[in-house]
Amino acid sequence: MPFREINSKMVEATVSPGQKMFSQRGAMLAYKGEVSFTPNIQGGQGGLMSMIGRRVANEATPLMTVEGSGTVMFGHGGHHIQVINLQGDTLYVEADRLLAFDGSLQQGTMFLGSQGGVMGMVRGQVSGQGLFTTTLKGHGAVAVMAHGGVIELPITPQRPVHVDPQAYVAHHGDVRNKLSTALGWRDMVGRGSGEAFQLELSGQGAVYVQASEEKL
């Protein structure tokens, strides 16, 4: 079920009988029709392992199952909302950035170290983001939250993209991530993450970058 962007901070989704969607708790702003909102104790369709992954990563983001017949408006905390449409590929996104998504999408959890090695693990410590990232795969729409607006940057084999880890929102496609230091270790003393570290994304796909490094 595609999202209709009302403005940069609100989206509307149509809920139809026999279909479901998931949203972050507290994301519903208003709705019309016969729509129900039920707490999802299994963390969506990812089941037990998905829920365990988020708890280990300190990302036990509660989800609501949305069902019925009607339209629902979503938004949260005045954050900018970016709608991403998946065409069979996989989206990697921090759990706390998920606003709402199609229930038809398959959920999972990926350990960042599996792509970035030791430096991928360091990313979680430095940026304050979890070591686990939520994955959504299939055909459907996802609404994610960010600060100050979002830009989509294409990633091509000839042109990898370097992103400040705290500006990273999500990525999709056949992409590998690697965290590297932009400064010497001595230069980083007394600094936050910022430009001291860079997340390098290479391969074929796209990365979404937010305008502000402020954490959600």
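Up top you'll find the structure we're talking about.
Remember, predicted model here, so these are calculated numbers, not experimental data.

1. Re the packing of aromatic side chains
So, point 1. Inspection of the entire model under this criterion finds two aromatic pairs.
So, point 2. Judged by centre distance (5.6 Å) and plane angle (40°), the ring pair of phenylalanine 22 and phenylalanine 101 falls under tilted. Taken together, the residues phenylalanine 22 in strand β3 (residues 20-24) and phenylalanine 101 in strand β7 (residues 98-102) connect sequence positions 79 residues apart. Taken individually, phenylalanine 22 and phenylalanine 101 each receive the classification buried, so the pair is uniform in this respect.

2. Examining the environment of glycine 26
So, point 1. Along the chain, the position of glycine 26 falls in the loop between β3 and β4 (28-40).
So, point 2. When its relative accessible area of 55% is taken as the criterion, glycine 26 is described as exposed.

3. Quick word on the side chain of histidine 172
So, point 1. Structurally, histidine 172 can be placed in strand β12 (residues 168-181).
So, point 2. Given the relative accessible area of 15%, histidine 172 is considered buried.
So, point 3. In terms of polar contacts, histidine 172 uses its side chain to reach the side chain of aspartate 89, at 2.9 Å.
So, point 4. Sequence-distant contacts of histidine 172, defined by excluding residues within four places in its chain, comprise Asp89, Thr90, Leu91, Glu152, Gln204, Gly205, Ala206 and Tyr208.

4. With respect to the pairing of strand β5 (residues 63-74)
So, point 1. Here strand β2 (residues 10-15) pairs with β5 via five bridges, running antiparallel. Considered in β5, the bridge of glutamate 12 is made with methionine 73.
So, point 2. The pairing of β3 with β5 spans five bridges and is antiparallel. Pairing of phenylalanine 22 across the sheet is with threonine 65, part of β5.
So, point 3. Where β4 lies against β5, twelve bridges are found, and the strand directions are antiparallel. The residue of β5 that forms the bridge with asparagine 40 is leucine 63.

Rules of the game
- Residues numbered from 1 in each chain as written.
- Predicted model: local features only at pLDDT ≥ 70, side-chain atom pairs only at ≥ 80, totals over all residues.
- Heavy atoms only, no water.
- Phe/Tyr/Trp six-rings, centres within 6.5 Å; stacked < 30°, edge-to-face > 60°.
- Helix = DSSP H or I, 4+ residues; strand = E, 2+ residues; numbered from the N terminus.
- Buried < 20%, exposed > 50% of the residue type's maximum accessible area, 1.4 Å probe, protein only.
- Polar contact = N/O pair within 3.5 Å; in protein donor to acceptor, adjacent residues only side chain to side chain.
- Contact = heavy atoms within 4.5 Å.
- Pairing = 2+ DSSP bridges.

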